[in-house]
Amino acid sequence: MALSFEVAAASQSGGRRGALHLPHGTVQTPVFMPVGTAATVKAVPQDTLEQIGADGAGAEMILANTYHLYLRPGHELIRRMGGLHRFMSWSRPMLTDSGGFQVFSLAKLRKITTDGVEFRSHLDGSSHFFSPEHSMEVQIALGADVMMAFDECVETPATWQRTRDSMSLTHAWAARSKQYFEAHKHEVPWAQPVPHPSQLYRDGWDADNFAGRTQCLFGIVQGGMYPDLRRESAERLVEMDFDGYAIGGLAVGEPPEVTREMIARTLEFLPKDKPRYVMGVGYPDQIAEYARMGVDMMDCVLPTRAARHGLLFRAVEPGELQPVKDAIGEEESPGESWTGESSATPSTIRMNIKRVEYAEDQRPIDPACACPVCQRYTRAYLRHLFMSREPLGATLNSIHNLAFYLDTMERVRKELAGL
Ligand SMILES: [Zn+2]
């Protein structure tokens, strides 16, 4: 068995409270997955990740990037280390992306044919080729619980015809991904003996637990900003019968209301008994909104990337006016691509910890937050760490922001369960 998915409760707006059973454990959905690009959620140790959040449950599932790990340290090295879980000492579920998004956004000199993509590494300029088959081979070597079909990400904006051509290529690649996966899924490294058992394995996690279990494969719906193409893409992928479905190609610079519409127009054509995953979103208010619409899984670099830029999320306090737009000036933006911020009345404020007003502020980041950072440290100290470029600043800021995201999802799960 690779995956089973139970929906325990569903709301009128389509939101679902469920549980996703994977080889490395059960994940309560809707779930937010922190991004561990290079087999690390930047600046946060694994034991901390296992505990953050008001309920102490920690991150139940994380994501790693195939493109980055393929280039460094290399998927064959990770296979020899027993797969990604053992390599990074993470015993809970994981997901790897297909590598497609990074090939199209980071790599240089791409040459796309129906066979695959030739590109140069953004690290050293070396030449590489990714095909659907190769993406599957790399993701099987990494051994995440959930892997993604190889897709092309169309540029934004793109014409209807260009988007349709790209979508058709994604469909052909999805079929080839599935074919390769079905023929090779037994090659996952879980069943191999562990040469140097870590604490993780001494505690009883061994190859016997994974006998007969395999990874699962999700298809990715494309179709750009065109509802008719989104529908066609969803229907074609559902015919191919994947374990779950992702909605890709969003949060690439379009207005937030378009993101929301594309999600809504895609969800209606996806099966209700399979997990549904929106890739690369969003702000706390947005992930809550998408979860209420019926999205079961989301991931985003935003909480950790923002943290490293000194941007901290906190709840709006009772009676507090909404000062976000005024407080965050142009010079304080993080200088990287951000998804559009929701125009709906936010319940979240993004604080810039470097502001002078926090220099002697004795309060925690968020008085309502139960995270270990808010229990122990003041805004004044966090500002000092940030201004001094102390590495601990990135760690503490990341822990708080991740706790804030996990708590946001926990609140939505309770709401969807009718609690
Ligand atoms: Zn906190």
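Residues numbered from 1 in each chain as written. Predicted model: local features only at pLDDT ≥ 70, side-chain atom pairs only at ≥ 80, totals over all residues. Heavy atoms only, no water.

A closer look at the overall build of the protein
Part 1: A count of helices and strands for the protein gives 16 helices and 16 strands.
Part 2: By the burial criterion, 54% of the 419 residues in the protein qualify as buried.
Part 3: Taking the intrachain contacts of the protein between residues at least 6 apart in sequence as the baseline, contacts between residues at least 24 apart amount to 71%.
Part 4: Surface accessibility of the protein: about 17600 Å² in total, with carbon and sulfur atoms responsible for 51%. (Helix = DSSP H or I, 4+ residues; strand = E, 2+ residues; numbered from the N terminus. Buried < 20%, exposed > 50% of the residue type's maximum accessible area, 1.4 Å probe, protein only. Contact = heavy atoms within 4.5 Å. Areas by Shrake-Rupley, 256 points an atom, 1.4 Å probe, with all protein chains shown as cover.)

Overview of the coordination of the zinc ion
Part 1: The protein atoms that coordinate the zinc ion are Cys369 (SG), Cys371 (SG), Cys374 (SG) and His400 (ND1), at distances of 2.1 to 2.3 Å.
Part 2: Of note is the zinc ion, whose four donor atoms meet at the metal with angles of 99 to 116 degrees in an arrangement that counts as tetrahedral.
Part 3: Read N to C, the donor residues that coordinate the zinc ion are spaced as C-x1-C-x2-C-x25-H. With a gap of 29 residues between them, Cys371 in the loop between strand E16 (348-352) and helix H14 (372-376) and His400 in helix H16 (residues 391-416) connect regions that are remote in the sequence. Each member of the pair, Cys371 as well as His400, is classed as buried. (Donors = N, O, S within 2.8 Å, 3.2 Å for Na, K, Ca; no water. Tetrahedral: all angles 85-135°; square planar, octahedral: opposite > 155°, others 65-115°.)

Things to note about the pairing of strand E15 (residues 311-315)
Part 1: Within E15, four of the five residues are buried, which leaves the element mostly enclosed by the surrounding structure.
Part 2: Pairing of E15 with E16 involves five bridges; the strand directions are antiparallel. Across the sheet, residue Arg314 finds its bridge partner in E16, namely Ile349. (Pairing = 2+ DSSP bridges.)

Considering the nonpolar core
Part 1: One finds Leu49, Ile62, Leu84 and Met94 to be the most contacted residues of the largest nonpolar core, which totals 47 residues.
Part 2: Among the elements that take part in this core, H16 stands out by supplying five residues, more than any other.
Part 3: The residues contacting Leu49, other than those within four sequence positions of it, are Val41, Val44, Gly58, Ala59, Ile62, Trp90 and Leu402.
Part 4: Listed in part, the 42 residues of the second largest apolar core include Phe181, Met298, Ala306 and Phe313. (Core = buried A, V, L, I, M, F, W, Y, C linked by side-chain atoms within 4.5 Å.)

Focus on the side chain of Asp151
Part 1: Summarising the element assignment, Asp151 is placed in the loop between strand E10 (146-148) and helix H7 (160-184).
Part 2: One buried charged side chain, Asp151, makes no salt bridge at all; its nearest oppositely charged neighbour is Arg230, positioned 8.6 Å away.
Part 3: Of note is the side chain of Asp151, whose polar atom sits 3.2 Å from the side chain of Ser98.
Part 4: Separated by 2.7 Å, the side chains of Asp151 and Gln222 make a polar contact.
Part 5: Those residues in contact with Asp151 that sit more than four places away from it in its chain are Ser98, Gly100, Phe104, Thr170, Trp173, Ile220 and Gln222. (Lys, Arg positive; Asp, Glu negative; His and termini not counted. Salt bridge = Lys/Arg side-chain N within 4 Å of Asp/Glu carboxyl O. Polar contact = N/O pair within 3.5 Å; in protein donor to acceptor, adjacent residues only side chain to side chain.)

A word on the pairing of strand E2 (residues 16-22)
Part 1: In terms of burial, E2 is a largely internal element, six of the seven residues being buried.
Part 2: Alignment of strand E1 (residues 4-10) against E2, held across six bridges, turns out to be antiparallel. Residue pairing in the sheet places Glu6 in a bridge with Ala19 of E2.
Part 3: Joining the antiparallel neighbours E1 and E2 is a turn of five residues, in which Gly14 adopts a positive phi near 100 degrees.

Observations regarding the sheet that holds strand E12 (residues 244-247)
Part 1: Taken in spatial order, the eight strands make up an open sheet running E4-E14-E13-E12-E11-E10-E6-E5, and their pairing is parallel. Each edge of the open sheet carries a strand with a single partner, namely strand E4 (31-34) and strand E5 (62-64). Adjacent strand axes in the sheet meet at a mean angle of 25 degrees when their direction is disregarded.
Part 2: By the bridge criterion, three bridges tie E12 to strand E13 (residues 276-278) in an arrangement that is parallel. For Ala246, the partnering residue across the bridge sits in E13 and is Tyr277.
Part 3: Against the sheet, helix H10 (residues 256-267) engages strand E11 (216-221), E12 and E13, with an angle of about 155 degrees to E12. (Axes fitted to C-alpha atoms, helices over the stretch in contact; angles between N-to-C directions.)

A look at the packing of H10 against helix H11 (residues 284-293)
Part 1: Contact geometry for H10 and H11: axes closest at 11 Å, N-to-C directions at 20 degrees. As the angle between them shows, H10 and H11 are arranged roughly parallel. Every pair of crossing elements has a handedness; the one defined by H10 and H11 is right-handed. For the pair H10 and H11, contact is made by Pro256, Thr259, Arg260, Ile263, Ala264 and Leu267 and by Gln286, Glu289, Tyr290 and Met293, respectively.
Part 2: Each residue belonging to the contact of H10 with H11 can be placed in one class, and the counts come to six nonpolar, two polar and two charged. (Parallel < 35°, antiparallel > 145°, perpendicular 65-115°, else oblique. Left-handed = near helix turned anticlockwise from the far one by under 90°. Nonpolar A, V, L, I, M, F, W, Y, C, P; charged D, E, K, R; others polar.)

Let's talk about the side chain of Thr266
Part 1: Following the sequence through the fold, Thr266 ends up in helix H10.
Part 2: Judged by its relative accessible area of 0%, Thr266 is buried.
Part 3: Ignoring sequence-local partners within four residues, the contact set of Thr266 consists of Val221, Arg230, Ala234 and Ile247.

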